[in-house]
Amino acid sequence: MHVTTHGPESGPPVLLIHGNCSSSGFWEPLVRHLPTHWRIAAPDLRGYGDSPALGVDATRGLRDFADDIAPLLSELSGSSGSKVTVAGHSMGGGVAMQLLLDHPERIGALVLEAPVSPYGFGGTRDLDGTPTSPDHAGTGGGSANPDFVRLLGAKDRGTDEQASPLNVMRAFYAAAGFDFGADEELLLDTMLSTAVGEDQYPGDSTASANWPGTAPGTRGVLNTMSPRWLDLSGIVDVPVKPPVVWIRGDQDAIVSDGSFFDLAQLGKLGLVPGWPGEDECPPQPMVGQTRAVLQRYAEKGGSFREIVYEGVGHSPHIERPEDFAAVLREVVGS
C-alpha cells in the first residue's frame, strides 16, 4: 500500500481516507493548511493511486479497505498510544465508520466529510434503510454510467464527451461553477488513478426483474456500497464512542437527499426510463439517514456535530480548505 505521510512521527496522529475515484492526492489542497507538526498519513486505498489494484470482495462491504489501512492506526499511535483522528471523504467516510466498528478504542475522533450513508448508496426508501426491492435493484456495479467507466479506463483528460472524468469532476465533485484553479490537473490525476474492471471500479452486476433491471454483484467498488452488503448503522452500539463531526455542503450533488448518482432520483427526473414511481422506488434520503444514525449514536452516549457550508458541494475540504482545516484543528486540539 502506498501511504503519503507528513510531519514528525511524534506529532498528533491524523489519518485521511480519500473517497471513490480519487486517491491520497485529493487531500493535498487541505494538507497545505494543516499544522506541520501533525503526523498525517493519507493512504491510497487498493485500486487507487499508487497502491496495488487488488480485487475487492464486495460481500464484505467496505471491510477490505478498512482492513488494509487498520495497521496505520497502530503505526500512527506509536509508542505513546495516542488515539488517532480519522477523517474520511465520501466513500472514505464509510471506510472510517467501518474502522470505528472494528477498532473504536483506537480512534480519538471521527470527521465524516460528505460520507456515504450508513445504509449504503441507493436502493433504500426511508431513514431506517429499508430496501426498495428484495434484490437491491438499482445499486452496485451496474449503476455506473458506462460512458464514464469507459473514459475513466482510457484515462481521458478531455472535455469532448459529457461523461469525461474532467467534466464529471467539474460538475459534481464541487458546487456548480467552482474553479479548481491550479489544482485541477492534480485532482484529475487522482481520478484517473482509479483501476477499472469488474474486480475494481465499478464492479460486476446481475440482472434483475425489478426496475431498472440491474442488481448488485459480489465484486468491485460500487457493490461494496450497495445496501445488499453495507450496513454501518452498528456504530450506534460500539462500546467506545469518540466524538463525530459531520461536514457537508448544501449543494452536494453526489451524497444528498436528491443525488444525481441515485438511479431513483434520475428516474424521478425522467433521465432513466421506466421509473415505477415514488411509492415503489423513491430517491434515497442519504442525508436524513446519516443524521438519524448519528442522533441514535448520541442518544447512546456518543456525540456529534453537523456542519453545513452554504454554496458548497461534495468536497468541502477543497472548496473551503481554510474553514475545514480550522475545524480539524479544533478536533485534534493541538
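Because the structure is predicted, anything quoted here is derived from the model rather than measured. (Residues numbered from 1 in each chain as written. Predicted model: local features only at pLDDT ≥ 70, side-chain atom pairs only at ≥ 80, totals over all residues. Heavy atoms only, no water.)

K.L.:
I tried to follow the layout of surface pockets on my own but got confused; where do I start?
P.N.:
It is a probe the size of a water molecule, rolled over the atoms, that shows where empty space is left. Here the largest pocket defines a volume of roughly 950 Å³. Looking at the largest pocket, it is lined by 35 residues, and the ones nearest its centre are Asn-145, Val-168, Phe-172, Phe-260 and Phe-261. Of all elements in the fold, only α5 (165-172) and α8 (263-268) reach the threshold of two or more residues within the lining of the largest pocket. For the lining of the largest pocket, the element with the highest residue contribution is α5, accounting for 4 residues. Across the lining of the largest pocket, the residue classes break down as 23 nonpolar, 12 polar and no charged. (1 Å grid on protein atoms, 1.4 Å probe; cavity = no way out; pocket = protein on both sides within 12 Å on 5 of 7 lines; lining within 4 Å. Points joined across faces, edges and corners; volume = space filled by probe spheres on them. Helix = DSSP H or I, 4+ residues; strand = E, 2+ residues; numbered from the N terminus. Nonpolar A, V, L, I, M, F, W, Y, C, P; charged D, E, K, R; others polar.)

K.L.:
Looking at this structure, how should I read the sheet that holds strand β10 (residues 244-249)?
P.N.:
Backbone hydrogen bonds are what pair the strands of a sheet, in a parallel or an antiparallel way. The strand order across the open sheet formed by 7 strands is β1-β3-β2-β4-β5-β10-β11, and the pairing between neighbours is mixed. One side of each edge strand has no neighbouring strand; the edge strands of this open sheet are β1 (3-6) and β11 (304-309). Averaged over neighbouring strand pairs, the angle between their axes works out to 15 degrees when direction is ignored. The sheet contacts of helix α11 (residues 321-332) involve β2 (13-17), β4 (84-89), β5 (107-113), β10 and β11, and relative to β11 the element is tilted by about 170 degrees. (Pairing = 2+ DSSP bridges. Axes fitted to C-alpha atoms, helices over the stretch in contact; angles between N-to-C directions. Contact = heavy atoms within 4.5 Å.)

K.L.:
Can you walk me through the packing of α5 against helix α6 (residues 184-192) in this structure?
P.N.:
To characterise two packed helices, one gives the angle between the axes of the helices and the distance between these axes. Close contact between α5 and α6 brings their axes to 10 Å; oriented N to C, the two are set at 115 degrees. Compared by their axis directions, α5 and α6 come out roughly perpendicular. For the crossing formed where α5 meets α6, the hand is right-handed. Touching Pro-165, Leu-166, Met-169 and Arg-170 of α5 are Glu-184, Leu-187, Leu-188, Met-191 and Leu-192, all from α6. Of the residues contributing to the contact of α5 with α6, the split by class is 7 nonpolar, no polar and 2 charged. (Parallel < 35°, antiparallel > 145°, perpendicular 65-115°, else oblique. Left-handed = near helix turned anticlockwise from the far one by under 90°.)

K.L.:
I would appreciate a short explanation of the nonpolar core in the present structure.
P.N.:
A general trend in soluble globular proteins is that nonpolar side chains are found buried together. Among the nonpolar cores identified, the biggest contains 65 residues, and Leu-15, Val-86 and Leu-99 are the most heavily contacted of them. Looking at this core, the element that brings in the most residues is helix α2 (residues 63-77), giving 7 residues. Setting aside residues up to four positions removed in sequence, Leu-15 forms contacts with Ala-41, Pro-43, Ile-69, Leu-72, Leu-73, Leu-76, Val-84, Thr-85, Val-86, Ala-87 and Leu-99. Trp-27, Val-31, Ala-87 and Val-245 belong to the second largest nonpolar core, which has 21 residues in total. (Core = buried A, V, L, I, M, F, W, Y, C linked by side-chain atoms within 4.5 Å. Buried < 20%, exposed > 50% of the residue type's maximum accessible area, 1.4 Å probe, protein only.)

K.L.:
In this structure, what is going on with the side chain of Thr-194? I would like to understand it.
P.N.:
By the secondary structure assignment, Thr-194 is in the loop between α6 and β6 (196-197). Here Met-191 takes part through its backbone oxygen, which lies 2.7 Å from a polar atom of the side chain of Thr-194. For Thr-194, the residues in contact, after removing those within four places along its chain, are Cys-21, Ser-22, Gly-47, Tyr-48, Leu-152, Lys-155 and Tyr-201. (Polar contact = N/O pair within 3.5 Å; in protein donor to acceptor, adjacent residues only side chain to side chain.)

K.L.:
What am I meant to see in the environment of Asp-257 here?
P.N.:
With respect to the element layout, Asp-257 can be found in the loop between β10 and α8. For Asp-257, a relative accessible area of 42% puts it in the partly exposed group. It is 30 Å that separates the C-alpha atoms of Asp-257 and Leu-186, two residues lying 71 residues apart in sequence. What Asp-257 contacts, discounting residues up to four positions off in sequence, is Pro-283, Gln-284, Pro-285, Met-286, Val-287 and Gly-288. At a separation of 2.9 Å, a polar atom in the side chain of Asp-257 contacts the main-chain amide nitrogen of Met-286. Here Gly-288 takes part through its backbone nitrogen, which lies 3.4 Å from a polar atom of the side chain of Asp-257.

K.L.:
Looking at this structure, I do not really get the packing of aromatic side chains. What am I missing?
P.N.:
One pair of aromatic rings is described through two measures. These are the centre distance and the angle between the planes. A complete count under the given rule lists 5 aromatic pairs for this structure. Plain terms: the ring middles of Phe-26 and Tyr-173 are 5.9 Å apart, the flat faces sit at 75 degrees to each other, and that makes the pair edge-to-face. Placement of Phe-26 in the loop between β2 and α1 (28-31) and of Tyr-173 in the loop between α5 and α6 is noted, with a sequence separation of 147 residues between them. Ring pairing ties together the aromatic residues Phe-172, Phe-260 and Phe-261, which thus form one cluster. The cationic tip of Arg-248 hangs over the ring face of Trp-246; the distance from NZ or CZ to the ring centre is 5.5 Å. (Phe/Tyr/Trp six-rings, centres within 6.5 Å; stacked < 30°, edge-to-face > 60°. Lys NZ or Arg CZ within 6 Å of the ring centre and 35° of its normal.)

K.L.:
Can you walk me through the environment of Gly-301 in this structure?
P.N.:
The topology assignment puts Gly-301 in the loop between α9 (286-299) and β11. Sequence separation between Gly-301 and Pro-242 is 59 residues, and the spatial gap between their C-alpha atoms is 9.6 Å.

K.L.:
Even after reading the chapter, I still don't get the packing of α2 against helix α3 (residues 91-102), so can you show me in this structure?
P.N.:
The contact between α2 and α3 brings their axes to 9 Å, and the two run at 65 degrees. For the element pair α2 / α3, the angle class is roughly perpendicular. Helix-helix and strand crossings are classified by hand; for α2 and α3 the assignment is right-handed. On the side of α2, the interface is formed by Arg-63, Phe-65, Ala-66, Asp-67, Ile-69, Ala-70 and Leu-73, while α3 contributes Met-91, Val-95, Gln-98, Leu-99 and Asp-102.

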